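Fold and contact review
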Amino acid sequence: MEHLSRRAALTGLVVGMTFRGNVSFATTVNQKSKRFVVIVLRGALDGLTAVPPYGDGDYASLRGNLALQAPGISEVSMLRLNERFGLHPAMVEAHKMFLNREMSIVHAMASPYRERSHFDAQNLLELGTTHTTGADGWLNRTLGAMGAESWKGLAVGSTVPLILQGQAPVSNWKPEQNQPAGNSLILSVAKTYETTDPALARALNEGLQTSSMIDTAIDSKGRRIGSGFATLANATGKILASDTGPNIAVLDLGGWDTHVGQGTDKGRMAGPLSDLSRGLEGLKIGLGDKWTQTVVIAVTEFGRTAHPNGTNGTDHGTATAGFIAGGAVNGGYVLADWPGLSQTALFEGRDLAPTTDMRSMLKAVLSDHLKITLKTIEDKVFPDSFKAKPIKGLVNV
Amino acid sequence: MDLEKNRIALNRFGLGARPGEIEKITDPLKALMSQLELKPDIISEIEPSNIRFLRFEEFRKKKRELDLAKVKTSETTMSPQQKQEATRAEKQILGKAPYEILIDDLLKRTNIGLTTDNGFLERMVWYWSNTLTVSVSRGEVTELVVPYENEAIRPFILGRFANLLASTAQHPTMLLYLDQVSSIGPHSQEGLRGRRSNNENYAREVMELHTLGVNGGYSQKDVIELSYALTGLSLDRQKGSPVFRTTAHEPGDRAIMGRIFKGQDITLISEVFEYLAIHPQTAKHQCRRIAEYFLEKPSDGLIKTMVDKWIKTQGHLREVYRVLLSSPEAWGPSRKFKMPEQYVISSGRALGLNENSSGQILQQLRLLAQVPFSAKSPAGFSTSATEWLTPESIVERINTASRLVGLSTLEPSSVTSLVKLEDVTALEIRRAPSKAEALAIFLASAEFQRS
């Protein structure tokens, strides 16, 4: 997406918009104080539930009982972003950021990957190429392009994920203590026990009744209370807030693979969406003063099918939504070259069609926020990405 | 190549296959038998138990002095900063606390578990450490438990059971753990002088747990007689080494299980132990336990062949293991539920973890309530599924899997062949939303949790 299309203009974007307020000269901005956080949403986030296009006439009928209520009707309504798009009601904090012009969304976006394997798609997302195998991730190459001696990267978690693997040295911070297993894992294991081991199946079933694992501490809006991810994000923010702290960090958030019981305002997606929302807020609070110099993106490997499946969920799809937040972001927009949701508009008759290459979003951050030249980006960080033009106006220059 | 037999060799009779190990085996039975020609790993860089004992005595003494001094200076007048300083100074004087030394020891032991090529030998070390067990539930042996295994168990698991038994009986840790040090013959010199008496604890456990078994045909009188026989066997607290004190030994012949044992020194103890070690009841008790350690439902027939060998060779352990390993039943269907220690270590091995992850491995053992040498009773940890297959523990094992996979960078495809998976499990793994979750499903699977 090279320029703001007519469709995009209809969604409230002002053509030719530049940045808000301050004109800052490159020399007076301390590059070293820039921060860039990537949240990898593993499992395929359903963009049509996270950011429902309620203004599209086909939305409600296409989505059936997975359709969320349009804004302003009741307390289970989606939250209004503009006259076309809403935000899932669990994302209260993110909504505030959007209204405060600290968050934007890119929709109908996908990486170049067109198959449907989680592992391969995540690899491609992290590699930043058009292949599903490779040795180093694009975020590591970004560090290299910035000058690895002075720009530092941080992997939050027990290992360094592929996106940050490569020649530039990175550090690793693993949160201590003992997180419990996520719902998705437990359900998968339970499913295998049903066939393979009645004794274990019985024991697990009983254990889940008494343990506080599934649907732990959900409030009236179906949001999980005391999310571990928010705490983690907050702690990450604090690490980044230091003047000598890392410039780039990557976190993981899962729980998106909603083949079953996806739900609308409540259901299996509500918890993870609340986690993401609170995570963004946690980052902001942790970063403190550095928030104005920060861009956070949250991206997933692909979207999900437009029609519900037979188990009240969705299967693997293609295009989806991505989030970009931060004090350095030109917030308050849903950027989408919207393809529509009629049967003919769907990709392969089943998925939201991709109209924006994810790398256009990533390249915009690298060029406008991190000030890497487009030539360097296309030579070193995202090879073979010439066709994906950086989205203009996403980030304050 | 029979992949399934290779898997059995590594998973059932070892600590669990590491990626790439299964394909390397050409003869699974030989891979196990050849270990019996080797020496079990000894944990290097662990001080001998006598040094540790003396260190602990010194630690105790210094701590007492510091505590007395603390009582004199009023603690409430200290600021938080002063308190911190005081704690730091105290630590300078005392050196490492016993539990810190224990953790260091256990980390080293965990490293062996994660990396050894001789899985069967290490399983036998675990088995005998658990059978002739000592535990930190008795605080004063905290620094002594791993040296005990190093010195009294590891070197003896392939020889005669009588030698293994005797080595544990004469080890300071065992002498302290089961109160042998305070057992004095009531009619011995020391007994008569100080009006002290014997302690039955060790004698009872020798008969009930270490040799004959609870239905092994001994009486309460036999226990008393054995405890009399053992009096004098004690610890020299100046040296931290075992000693036999005639002045504490109960005089007279001993009548144990219908036999008379004579002698007034350590040879008496050797004779009694020899008798117990080759006793058919001991053979039956231990062979059943060994078979059940590895197999879900070993047949009476298999156990009998092991018992016969025990009796024939007078308790030569290597020969007994050979009988077990070469039986067809050892390689047949069996789905024994892994104890936590086996589950956690085999998970670490499957994930290709090394000593960098020992801390996290040990942490998971703590959460699953099987830190080595922490059993609540001298019976050690149960090896039966009824003890470990509980609702809480199944949930916790999934948590463990989830935590450990974060430490690994392996591809799911390199680990999922370590165990034969059923279609439904393989499908869930393939469909998993992330690689980490795929690995966790594998570890939590019933196929992996049983061996």
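Residues numbered from 1 in each chain as written. Chains lettered and ligands numbered in written order. Predicted model: local features only at pLDDT ≥ 70, side-chain atom pairs only at ≥ 80, totals over all residues. Heavy atoms only, no water.

With respect to the overall build of chain B
Regarding its fold elements, chain B presents 25 helices and four strands. A compact globule built from 451 residues would reach a C-alpha radius of gyration of about 22 Å, and chain B, at 24 Å, matches this within 12%. Principal-axis analysis of the C-alpha atoms gives chain B an extent of 75 × 70 × 35 Å. When each of the 451 residues of chain B is scored for burial, the buried share is 55%. Sequence separation of at least 24 residues holds for 74% of the intrachain contacts in chain B that already meet a minimum separation of 6. When the accessible area of chain B is evaluated, it comes to approximately 18,800 Å², of which 53% is carbon and sulfur surface. (Helix = DSSP H or I, 4+ residues; strand = E, 2+ residues; numbered from the N terminus. Rg over C-alpha atoms; globule rule 2.2 N^0.38 Å. Buried < 20%, exposed > 50% of the residue type's maximum accessible area, 1.4 Å probe, protein only. Contact = heavy atoms within 4.5 Å. Areas by Shrake-Rupley, 256 points an atom, 1.4 Å probe, with all protein chains shown as cover.)

Re unusual backbone geometry
Residue and element names in this part refer to chain A. In this structure, Ala 108 is a non-glycine residue whose phi angle is positive, near 55°. If you trace the backbone, Ala 108 turns up in strand E4 (residues 103-110). According to the relative accessible area criterion, Ala 108 is buried, its value standing at 0%. A positive phi angle is found at Glu 348, which is not glycine, with a value near 50°. Locating Glu 348 in the fold gives a position in the loop between strand E10 (334-335) and strand E11 (356-357).

Points about the pattern of salt bridges
Residues and elements named next belong to chain B. Within this structure, the stated rule accounts for 50 salt bridges over all chains. With its nearest N and O atoms 3.6 Å apart, the salt bridge here joins Glu 21 to Arg 349. On the criterion of sequence distance, the pair formed by Glu 21 in helix H2 (residues 21-24) and Arg 349 in helix H18 (residues 340-350) is long-range, its members being 328 residues apart. The exposure class assigned to Glu 21 is buried, which follows from its relative accessible area of 14%. Here Arg 288 makes a salt bridge to Glu 292, at a shortest N to O gap of 3.2 Å. Taken together, the positions of Arg 288 and Glu 292, both in helix H15 (residues 280-294) and four residues apart, correspond to about one turn of that helix. Owing to a relative accessible area of 30%, Glu 292 belongs among the partly exposed residues under this scheme. One network of salt bridges, in which partners are shared, links Arg 109, Glu 122, Glu 149, Arg 154 and Glu 341. (Salt bridge = Lys/Arg side-chain N within 4 Å of Asp/Glu carboxyl O.)

A word on empty space enclosed by the protein
Residue and element names in this part refer to chain B. By the definition in use, this model includes six cavities of 30 Å³ or more. Each pocket or cavity is described by its volume, and for the largest cavity that value is around 130 Å³. Taken together, 16 residues form the lining of the largest cavity, with Trp 126, Asn 130, Glu 341, Phe 373 and Phe 381 sitting closest to its centre. Among the elements that make up the lining of the largest cavity, the one with the highest residue count is helix H7 (residues 119-131) (three residues). For the lining of the largest cavity, the class distribution of residues is eight nonpolar, five polar and three charged. (1 Å grid on protein atoms, 1.4 Å probe; cavity = no way out; pocket = protein on both sides within 12 Å on 5 of 7 lines; lining within 4 Å. Points joined across faces, edges and corners; volume = space filled by probe spheres on them. Nonpolar A, V, L, I, M, F, W, Y, C, P; charged D, E, K, R; others polar.)

Considerations on the packing of aromatic side chains
According to the stated counting rule, one finds 19 aromatic pairs over all chains in the structure shown. Ring plane angle 50° and centroid distance 6.0 Å describe the contact between Phe 13 of chain B and Trp 331 of chain B, whose orientation is recorded as tilted. Here the residue Phe 13 of chain B occupies a position in the loop between helix H1 (3-12) and H2, and Trp 331 of chain B occupies one in the loop between helix H17 (317-326) and H18, the gap between them amounting to 318 residues. For the ring pair Trp 128 of chain B and Phe 161 of chain B, a centre distance of 5.3 Å and an interplane angle of 35° mean the geometry is tilted. Highlighted residues: Trp 128 of chain B in helix H7 and Phe 161 of chain B in helix H9 (residues 161-169), separated in sequence by 33 residues. The pair Trp 128 of chain B / Phe 161 of chain B is uniform in exposure class, with both members buried. By the ring-pair criterion, three or more aromatic residues cluster together here, those being Phe 13, Phe 120, Tyr 127, Trp 128, Phe 161, Tyr 293, Phe 294, Trp 310, Tyr 321 and Trp 331 of chain B. A cation over a ring is seen here: Arg 114 of chain A above Phe 347 of chain A, with NZ or CZ 5.9 Å from the ring centre. Sitting over the face of the ring of Phe 448 of chain B, Lys 338 of chain B holds its NZ or CZ atom 3.7 Å from the ring centroid. (Phe/Tyr/Trp six-rings, centres within 6.5 Å; stacked < 30°, edge-to-face > 60°. Lys NZ or Arg CZ within 6 Å of the ring centre and 35° of its normal.)

Thoughts on helix H16 (residues 300-312) of chain B
All names here are of chain B. With 13 residues, H16 extends 18 Å between its outermost C-alpha atoms, agreeing within 8% with the 18 Å of an ideal straight helix rising 1.5 Å per residue. Buried-residue contacts for H16 involve H9, helix H14 (266-278), H15 and H17. A positive phi of about 55° marks Gln 314, the residue just after H16. (Expected span 1.5 Å × (residues − 1).)

Considerations on the interface of chain A and chain B
Interface size is often expressed as the accessible area that is lost when the parts come together. In this complex, chain A contributes 35 residues to the contact, which on the side of chain B involves 41 residues. When the two sides are added together, the surface that chain A and chain B hide from each other amounts to roughly 2,900 Å², 63% of it contributed by carbon and sulfur. Counting the contacts that link chain A with chain B gives three salt bridges. The shortest N-O distance in the salt bridge between Asp 197 of chain A and Arg 450 of chain B comes to 2.6 Å. Broken down by element, the side of chain A that touches chain B gets its largest block of residues, ten residues, from helix H7 (residues 183-196) of chain A. For the side of chain A that touches chain B, the per-class residue count stands at 13 nonpolar, 15 polar and seven charged. (Buried area = accessible area lost by both parts, 1.4 Å probe.)

Topic: the pairing of strand E7 (residues 248-253) of chain A
All names here are of chain A. Among the six residues in E7, five count as buried, and that is most of the element. Here strand E1 (residues 35-41) pairs with E7 via six bridges, running parallel. Across the sheet, the residue bridging to Ile 39 is Leu 251, located in E7. Pairing analysis gives three bridges linking strand E5 (residues 153-156) to E7, with the strands arranged parallel. Across the sheet, the residue bridging to Ala 155 is Val 250, located in E7. (Pairing = 2+ DSSP bridges.)

Details of the environment of Gln 179 of chain A
Secondary-structure assignment places Gln 179 of chain A in the loop between strand E6 (170-173) and H7. Taking relative accessible area as the criterion, Gln 179 of chain A reaches 39% and is therefore assigned partly exposed.

Remarks on the packing of H15 of chain B against H16 of chain B
Residue and element names in this part refer to chain B. At a minimum axis distance of 9 Å, the contact between H15 and H16 shows a crossing angle of 130°. The orientation of H15 with respect to H16, classified from their angle, is oblique. Crossing handedness for the pair H15 and H16: right-handed. Residues Pro 280, Thr 282, Ala 283, Lys 284, Gln 286, Cys 287, Arg 288, Ile 290 and Ala 291 of H15 form the contact with H16, whose participating residues are Asp 300, Ile 303, Met 306, Val 307, Trp 310 and Ile 311. For the contact of H15 with H16, a count of residues per class yields ten nonpolar, two polar and three charged. (Axes fitted to C-alpha atoms, helices over the stretch in contact; angles between N-to-C directions. Parallel < 35°, antiparallel > 145°, perpendicular 65-115°, else oblique. Left-handed = near helix turned anticlockwise from the far one by under 90°.)

As for the side chain of Ser 33 of chain A
Residue and element names in this part refer to chain A. Within the fold, Ser 33 resides in the loop between helix H1 (6-10) and E1. Of the polar contacts made by the side chain of Ser 33, one reaches the side chain of Gln 293; its length is 3.5 Å. Each residue touching Ser 33, except ones within four places of it in the same chain, is listed here: Lys 290 and Gln 293. (Polar contact = N/O pair within 3.5 Å; in protein donor to acceptor, adjacent residues only side chain to side chain.)

Quick notes on the nonpolar core
By size, the foremost hydrophobic cluster in this structure holds 139 residues, and its most contacted members are Phe 13, Trp 128, Leu 276 and Phe 442 of chain B. Filtering out sequence-adjacent residues up to four positions away, Phe 442 of chain B remains in contact with Ala 350, Val 415, Thr 416, Leu 418, Val 419, Leu 421, Ile 429 and Phe 448 of chain B. Core analysis: the second largest hydrophobic core is formed by 54 residues, Ile 39, Ala 50, Leu 253 and Leu 276 of chain A among them. (Core = buried A, V, L, I, M, F, W, Y, C linked by side-chain atoms within 4.5 Å.)

Concerning the environment of Ala 60 of chain A
Along the chain, the position of Ala 60 of chain A falls in helix H3 (residues 59-63). Each C-alpha atom of the pair Ala 60 of chain A and Pro 112 of chain A lies 28 Å from the other, and the pair is 52 residues apart in sequence.

Here's the deal with the environment of Ala 50 of chain A
Residue and element names in this part refer to chain A. By secondary structure assignment, the location of Ala 50 is in helix H2 (residues 47-50). As for Ala 50 and Glu 115, which are separated by 65 residues in sequence, their C-alpha atoms are 22 Å apart. When sequence neighbours within four positions are dropped, the list of residues in contact with Ala 50 reads Leu 45, Gly 86, Leu 87, His 88, Met 269, Leu 273 and Phe 323.

So, the pairing of strand E9 (residues 320-325) of chain A
All names here are of chain A. Among the six residues that make up E9, six are buried, leaving the element largely enclosed by the rest of the structure. As defined by bridge partners, strand E8 (residues 294-300) adjoins E9 across three bridges and the pair is classed as antiparallel. Paired with Ile 297 across the bridge in E9 is Ile 324.

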